[in-house]
Amino acid sequence: MAGNRGLGQWCRDRKVSTKVLAVAGVAIAGTVVTGVLSVTGIGDLKQTRDTEINRMLPYVRNLNAAALALKAAANDERGYLLSGDTKFRDAAIAARDTVDTALTAAKAADGAQAADIEGIRTASDAWFTAVSTEFEQFASRPEAATAVALGANRDLRTAYEAMITAEIDATNEELQAGAGFDATADRTRVEALVGLGLAVLLGVAGALFVSRLIIVPLRKVSGVLDQVADGDLTGDPDVHQRDELGHMADSLRAATTSLRQTVTDLTTHSDSLATEAGALAETSRQSATSAEHGAEQAATVADSAASMSRNIQTVAAGSEEMGVSIREISESATQAVQVANRAVEVTANTSAVMAKLGESSAEISEVVKTITAIAEQTNLLALNATIESA
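None of the values given here were measured: they were computed from a predicted structure.

**Student:** Describe the overall build of the protein chain, with residues and values.
**Tutor:** When its secondary structure is counted, the protein chain shows eight helices and zero strands. Mapped from its N terminus to its C terminus, the protein chain presents α and β elements in the order α-α-α-α-α-α-α-α. The proportion of buried residues among the 390 residues of the protein chain is 22%. For the protein chain, contacts bridging at least 24 residues in sequence account for 72% of all contacts bridging at least 6. As displayed, the protein chain has an accessible area near 24800 Å², and 61% of this comes from carbon and sulfur atoms.

**Student:** Tell me what's going on with the packing of aromatic side chains, and back it up with residues and numbers.
**Tutor:** Applying the stated criterion across every chain, the model contains four aromatic pairs. For the ring pair Tyr80 and Phe138, a centre distance of 4.9 Å and an interplane angle of 55 degrees mean the geometry is tilted. Taken together, the residues span a long stretch of sequence, with Tyr80 in helix H2 (residues 16–83) and Phe138 in helix H4 (residues 114–140) at a distance of 58 residues. Seen in terms of ring centroids, Trp127 and Phe128 are 5.1 Å apart; in terms of plane orientation they differ by 70 degrees. Their pairing is edge-to-face. Neither Trp127 nor Phe128 differs from the other in exposure class; each is buried. An aromatic cluster of three or more residues is present, and its members are Tyr80, Phe135 and Phe138.

**Student:** Could you give an account of the environment of Ala159, naming the residues involved and the relevant values?
**Tutor:** Locating Ala159 in the fold gives a position in helix H6 (residues 152–229). For Ala159, a relative accessible area of 35% puts it in the partly exposed group. Expressed as a C-alpha distance, the spacing of Ala159 and Ile120, which sit 39 residues apart in the sequence, is 8.8 Å.

**Student:** So what about the pattern of salt bridges? Which residues, and what values?
**Tutor:** What the rule picks out here adds up to 11 salt bridges. Between Asp85 and Lys87 there is a salt bridge, and its shortest N-O distance comes to 3.8 Å. One salt bridge in this structure joins Arg121 and Asp100, with 3.7 Å as the shortest N-O distance. In this pair, Arg121 sits in helix H4 while Asp100 sits in helix H3 (residues 86–109), placing the two residues 21 residues apart along the sequence. Overall, Arg121 belongs to the buried group, its relative accessible area being 14%. What emerges from the salt-bridge pattern is a single network uniting Lys71, Glu77, Arg157 and Glu161.

**Student:** Just give me the short version of the nonpolar core, but keep the residues and values in it.
**Tutor:** Judged by nonpolar contacts, the single largest core of 32 residues is most densely connected at Leu63, Val99, Leu103, Trp127, Phe128 and Ile164. Contributions of two or more residues to this core are made by H2, H3, H4, helix H5 (142–150) and H6. When residues of this core are assigned to their parent elements, the largest contribution, 12 residues, is made by H2. Excluding its chain neighbours within four sequence positions, the residues that come into contact with Ile164 are Leu63, Ala66, Ala67, Leu70 and Ile120. By size, the runner-up hydrophobic cluster in this structure holds five residues, among which are Val221, Val224, Val239 and Ala249.

**Student:** So what's going on with a nonpolar patch on the surface? Residues and values would help.
**Tutor:** A cluster of nonpolar side chains, namely Val190, Val194, Leu198, Leu201 and Leu202, defines an oily patch on the protein surface of about 500 Å² accessible area. Mapped onto the elements of the fold, Leu201 is located in helix H6. A residue is classified by how much of its surface remains accessible, and Leu201, at 59% relative accessible area, is exposed.

**Student:** Can you tell me about the packing of H4 against H5, naming the residues and giving the values?
**Tutor:** Two elements in contact, H4 and H5, have axes separated by 6 Å at closest approach and are oriented at 150 degrees. Compared by their axis directions, H4 and H5 come out roughly antiparallel. Along its contact with H4, which presents Glu134, Gln137, Phe138 and Ser140, the element H5 presents Pro142, Ala144, Ala145, Thr146, Val148 and Ala149. The residue makeup of the contact of H4 with H5, split by class, is six nonpolar, three polar and one charged.

**Student:** Give me the lowdown on H3, citing residues and values where you can.
**Tutor:** In this model, H3 (24 residues) spans 35 Å end to end at C-alpha, consistent with the 34 Å of a helix rising 1.5 Å per residue. Looking only at H3, the buried set comprises Ala92, Ala95, Val99, Ala102, Leu103 and Ala106.

**Student:** With reference to specific residues and values, describe the environment of Ala162.
**Tutor:** Inspection of the secondary structure assignment puts Ala162 in helix H6. Look at Ala162 and you get partly exposed, because its relative accessible area is 46%. Counting along the chain gives 42 residues from Ala162 to Ile120, while the straight-line C-alpha distance between them is 9.3 Å.

**Student:** Could you give an account of the packing of H3 against H4, with specific residues and numbers?
**Tutor:** At a minimum axis separation of 10 Å, H3 and H4 run at an interaxial angle of 170 degrees. Compared by their axis directions, H3 and H4 come out roughly antiparallel. Only Ala114, Ile117, Glu118, Ile120, Arg121, Ser124, Asp125, Phe128, Thr129, Ser132 and Phe135 of H4 make contact with H3, whose side of the interface consists of Arg89, Ala92, Ile93, Ala95, Arg96, Val99, Asp100, Leu103, Thr104, Ala106 and Lys107. Residues that form the contact of H3 with H4 fall into these classes: 11 nonpolar, four polar and seven charged.

**Student:** Which residues make up the side chain of Thr256, and what values go with them?
**Tutor:** Looking at the secondary structure, you find Thr256 in helix H7 (residues 244–342). Residue Thr256 is classed as buried on the basis of its relative accessible area, which comes to 2%. Here Arg253 takes part through its backbone oxygen, which lies 2.8 Å from a polar atom of the side chain of Thr256. Excluding residues within four positions of it along the chain, Thr256 makes contact with Val224, Val228, Leu233 and Gly235.

Here is what the cut-offs are and how they apply
Residues numbered from 1 in each chain as written. Predicted model: local features only at pLDDT ≥ 70, side-chain atom pairs only at ≥ 80, totals over all residues. Heavy atoms only, no water. Helix = DSSP H or I, 4+ residues; strand = E, 2+ residues; numbered from the N terminus. Buried < 20%, exposed > 50% of the residue type's maximum accessible area, 1.4 Å probe, protein only. Contact = heavy atoms within 4.5 Å. Areas by Shrake-Rupley, 256 points an atom, 1.4 Å probe, with all protein chains shown as cover. Phe/Tyr/Trp six-rings, centres within 6.5 Å; stacked < 30°, edge-to-face > 60°. Salt bridge = Lys/Arg side-chain N within 4 Å of Asp/Glu carboxyl O. Core = buried A, V, L, I, M, F, W, Y, C linked by side-chain atoms within 4.5 Å. Patch = residues over 30% accessible without salt bridge, like charges linked within 9 Å, V, L, I, M, F, W, Y side chains within 5 Å. Axes fitted to C-alpha atoms, helices over the stretch in contact; angles between N-to-C directions. Parallel < 35°, antiparallel > 145°, perpendicular 65-115°, else oblique. Nonpolar A, V, L, I, M, F, W, Y, C, P; charged D, E, K, R; others polar. Expected span 1.5 Å × (residues − 1). Polar contact = N/O pair within 3.5 Å; in protein donor to acceptor, adjacent residues only side chain to side chain.

Below, the structure written as C-alpha cells:
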C-alpha cells in the first residue's frame, strides 16, 4: 500500500507536459506495435500465398507438360498417317510415358487435384490405346485407320484435351487470383506503413499541441501567482479557454480584482485613520499646552492664595491685637463708666466723653465683625485655590 501511494504521489508530482507526453507515448507505442503486427501479418499472408503459388506452379507446369506431350503425340499421329514414316508412330507411342510422368508429378504437387489428374490420365490412356490400334490397322488398311483417326480417336483426343485445358485454365485463374492477392497485400503493406507514419506524426503533433494548450495557460497563471506573491496585484493571466485551466484563470482574475479592491479600501481607510490620528495628536498637544497653562495659572493662584493667606494672617493678627485693645478699651470704658457712675456728678463733660466712647466702641465692634467676615471669606478663597491647584 505504501509503495502504491508513493508511486501515485510520484505520478502526481510529475509535470503536466510529462504526463501528457507519457500518455501520447503509450498511444504512439501502441500504434507502432499495431503497425508492426499488421505488417508482420501481411508478410505472413504473403508468405502463405507464396507457399500456395510454389505448390500450384509445379502442378500447372506438369499439366502443361502433359498437354504438350499429348499435343506432340497427336501431331505425330497425323504425320504417320500422312507419310507412313514409322518415326512418327514411334514418337507418338513414346509420348505416353512422358504424359504419365507429367501427370504423376502434377498429382504429387497438388494431392487435392488427384481425382482430376486420374480423369485426365484415363482419358489420355484411352486415346493412346486407340491410337496403337489405329497404327496397327494402318499397315493393312490405311484408309480405315485414317477414318478411325478422324472419327472415334478424334473424339477421344477432344475429350482429354477438354479436361486438361479446363484444369489448366482453372489453375491459371487461381494463379491470377494469387497475383491480385499479392498486389493487394503489397498495397495493404504500403497503406499500413503510410497510416502508421501518419499516426505517429499525428500522435506527436497532437501531444505537442495538447501539451502547449496546458503548459502555456499554466505558465501564465503561475506568472500571475508569482506576481501576487511579490505583492503585485495588477497581473492578468490572459487565458480565454472554457476548460479547467480557463476556469482557474477566471477565478484567479476575480481573486486579484477582489484583492485590489480590498487593498484600495484599506489604503483609503488608512489615510483617513492617519488624518484622524494627526488631528488627535494635535488635540493632545493642545490639551497638553492647556494643561501646562492651567498648571501655571494654578501655581500663580496658589502663590496668590499663599500671599493672601499671609495677608489674612497678618490682618487676623491685627484683628486680635485690635480685639485686645478693644477689650482693654472696654475694660477701661467699664472702669470709666464705673468712674463716671461714681463721678457723674463730677463732671458733665466726662459723661459726654463716655457717650462718644460708647459710640466709638459700637463702631469698632462693627468693624471687628466686618474684618472677621473678610477673614472667613479669605480663608474660603484660599481653600478653593488650594483645591484647584491640587
